[in-house]
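Given next are the chains, with one letter for each unit.
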Amino acid sequence: MAQPAPAIQDLVLVGGGHSHVEVLREFGRNPLPGIRLTLICHNVHTPYSGMLPGLIAGHYQFEETHIDLRPLARFGNARFIHNSVVGLDLQNKHVLCESQTPVPYDLLSINIGSTPATRQVSGAAENTVPVKPISRFFAHWETMRTRLLERDSPARIAVVGAGAGGVELLLSMQYRLQADLSAQGRDANHLSFHLVTSSGGILETHGHRVGRTFDNELTSRGIQIHTNHEVVEVRNGALECANGAVLSFDEILWVTTAGAAAWPASVGLDTDEAGFITVSDTLQSTSHPDIFAAGDIATMVDHPRPKSGAVAVRQGPPLAENLRRHSQNMPLRRYTPQRDYLALISTGNRYAIASRGRWTMKGKSMWWLKDWIDRRFMNKYSDLPKTERID
Ligand SMILES: Cc1cc2nc3c(=O)[nH]c(=O)nc-3n(C[C@H](O)[C@H](O)[C@H](O)COP(=O)(O)OP(=O)(O)OC[C@H]3O[C@@H](n4cnc5c(N)ncnc54)[C@H](O)[C@@H]3O)c2cc1C
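The rules behind the values
- Counting of residues starts from 1 at the beginning of each chain's written sequence and follows it residue by residue.
- pLDDT decides what is reported in this predicted model: residues at 70 or higher carry local features, side-chain atom pairs at 80 or more are listed and counted, and totals for whole chains, interfaces and linings draw on all residues regardless.
- Computation of side-chain values: all heavy atoms of the structure, hydrogens and water removed.
- Helix and strand assignments come from DSSP, with helices taken as H or I runs of at least 4 residues and strands as E runs of at least 2, each series counted from the N terminus.
- Only C-alpha atoms enter the radius of gyration, while the globule expectation follows 2.2 Å times N to the 0.38, with N the number of residues.
- With a 1.4 Å probe rolled over the protein chains alone, any residue whose accessible area is under 20% of its type maximum counts as buried; one over 50% counts as exposed, and the rest are partly exposed.
- Whether two residues touch is decided by their heavy atoms; if any such pair falls within 4.5 Å, the residues are in contact.
- When we say a residue is near a molecule or strand, we mean one of its heavy atoms is within 4 Å of it.
- For the purposes of these results, a polar contact is taken to be a pair of N or O atoms within 3.5 Å, where, inside protein, one atom must be able to donate a hydrogen and its partner to accept one; residues adjacent in sequence count only when each atom of the pair is a side-chain atom.
- Residue-level accessible areas treat just the shown protein chains as cover; the underlying method is Shrake-Rupley with a 1.4 Å probe.
- For this scheme, ten residues count as nonpolar: Ala, Val, Leu, Ile, Met, Phe, Trp, Tyr, Cys and Pro. Four count as charged, namely Asp, Glu, Lys and Arg, and the remainder, Gly too, count as polar.
- A domain assignment, automatic or from a database, supplies the domain bounds used here.
- By this rule, a helix spans an expected 1.5 Å times one less than how many residues it contains.
- Like-charged residues within 9 Å of one another, or nonpolar side chains (Val, Leu, Ile, Met, Phe, Trp, Tyr) within 5 Å, are grouped into patches, provided each residue has over 30% relative accessible area and no salt bridge.
- By definition here, a salt bridge exists when the distance from a side-chain nitrogen of Lys or Arg to a carboxyl oxygen of Asp or Glu is within 4 Å.
- Axes here mean lines fitted to C-alpha atoms, for a helix over just the part in contact, with angles spanning 0 to 180 degrees between N-to-C directions.
- With respect to orientation, any angle under 35 degrees is reported as roughly parallel, any angle over 145 as roughly antiparallel, any angle of 65 to 115 as roughly perpendicular, and every other angle as oblique.
- Crossings are sorted by hand: turned counterclockwise from the far helix by less than a right angle, the near helix makes the crossing left-handed, and turned clockwise it makes it right-handed.

Below, the discussion takes up the overall build of the chain. In terms of regular secondary structure, the chain is built from 11 helices and 25 strands. Computed over the C-alpha atoms, the radius of gyration of the chain is 22 Å, within 12% of the 21 Å expected from 2.2 N^0.38 for a compact globule of 391 residues. Considering only C-alpha atoms, the chain reaches an extent of 85 × 45 × 40 Å along its principal axes. Considering the chain as a whole, with its 391 residues, one finds that 53% of them fall into the buried category. Considering only contacts within the chain whose residues lie at least 6 apart along the sequence, 65% involve residues at least 24 apart.

Encoded structure:
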């Protein structure tokens, strides 16, 4: 007598972030029996955060800094749906997309990242350029660069937010634009650069020594730092600050603290006060055990960590392992993230500053180390083993 076909489970990955690229690679290397895998992402090319400042500075090409999700999904035996997820029907277990029929799931994993929070400050969304989504920012950057280089009068450029992302971005933009001006035989001081932050210092989550080192670097490169300037309103070209100052600029980029998409909280998933999905040590939602989350969109309730690509990358292997175990009704493994990471922050000019805890080191060699680590990461997802690849 014919045996009934084994039930197929639908595992849906929402977002092609740093953790899901590892899940796809892992399932390509060790296929999951009885699973139909689907990836839904609104980008075909997903950016690798570590190399974005180098892309802006002109050290890398677009393809070197983005993972093409189509061959990676094929390698992972996943179907790829190029669409934006707008919600979930938790009752009927469907993923709701912007322009696609609902996608059913038995098991779901969310790795959609974050975007700089513009909602809290009036006028920020309308009058500044958010650095994420990166695909939109990169297009804007190219237009902004052309506009600035065609201009005859001086221009003032500001970045709001003095975390690693904001500082790296500002230094990279300055390096690129000054190189462009020199190539045109023009005065590099035609453009002035400003960093605006509500805090009393810069890079505050990285410790005093790193903050001081970057303070010196920015000052020596003529960048003006406006600390204790909490922006409360943005009008066309002007930042109104809580201390009464009004700062005027020609270009304003918004790189403040990470904010969460609204839909995870609105559909009824447990979230923290900022709207990030709360997960346990197994990376499972604290309210829905058939839903996992990783990267910026997830907050590990017992091990909160700053939102960073490094954290998202490291969550990839335990996420893949627990999705596999969950689908096979095996006990899940607990994961404890590292307390601190080696941070390699570049200064735009092929120079970087490394820090871990209280230890710091700087120099061209730190840039080469960062470049080597970043390229090795990218090769893992673009140089897929041909023998196992399904085309
Ligand atoms: C300028 C800058 C520089 C930075 N440099 C560093 C660095 O050097 N090192 C570091 O560790 N961190 C860095 N960060 C932080 C880092 O970018 C984030 O922490 C990291 O990208 C988070 O990874 P993730 O996997 O959670 O999500 P992401 O990398 O943001 O990936 C999310 C994916 O999901 C997709 N997606 C989003 N929403 C939806 C949706 N609704 N439907 C479908 N798909 C969706 C996106 O298109 C994207 O492909 C930097 C940030 C900035 C702004």
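Here the narrative resumes.
Let's shift gears to the site of the ligand. Close to the ligand lie 29 residues, the nearest being H18, T46, V85, D296 and A310. In this structure, H42 approaches the ligand through a side-chain N or O atom, which is 3.1 Å from an oxygen atom. Contact distances for the ligand include 3.4 Å between an oxygen atom and a backbone N or O atom of G113. Across the complex, the protein chains shield 86% of the 1000 Å² of accessible surface that the ligand would expose by itself. Counting only elements with at least two residues in the shell around the ligand, the list comes to β2 (35–41), α7 (164–183) and α10 (309–327). The element best represented in the shell around the ligand is α10, accounting for three residues. Residue composition of the shell around the ligand, grouped by class: eight nonpolar, 17 polar and four charged. Of the residues that make up the shell around the ligand, three or more belong to each of domain 1 (9–114 + 260–339 + 374–382) and domain 2 (124–257).

A word on helix α1 (residues 18–29). In a regular helix each residue adds 1.5 Å, so 12 residues correspond to 16 Å; α1 covers 17 Å between its end C-alpha atoms and thus fits that length. Of all 12 residues in α1, 11 are buried, a share of seventy percent or more. By the burial criterion, the buried members of α1 are H18, S19, H20, V21, E22, V23, L24, R25, E26, F27 and G28.

This part covers a nonpolar patch on the surface. Judged by side-chain polarity, L342, W359, M361, L369 and W372 come together as a nonpolar surface patch covering roughly 490 Å² of accessible area. Taken together, the elements giving at least two residues each to the nonpolar patch come down to β25 (359–363) and α11 (364–382). Take L369: it is sitting in helix α11.

The next thing to look at is the packing of α1 against α10. Axes are the key here: two packed helices are described by the angle between their axes and the distance separating the axes. The contact between α1 and α10 brings their axes to 7 Å, and the two run at 40 degrees. By the angle between their axes, α1 is oblique relative to α10. α10 is crossed by α1, and the crossing has right-handed handedness. Here H18, S19, H20, E22, V23, E26 and F27 of α1 lie close against α10, whose contacting residues are G309, A312, V313, Q315, G316, P317, L319, A320, L323 and R324. Split by residue class, the contact of α1 with α10 holds eight nonpolar, six polar and three charged.

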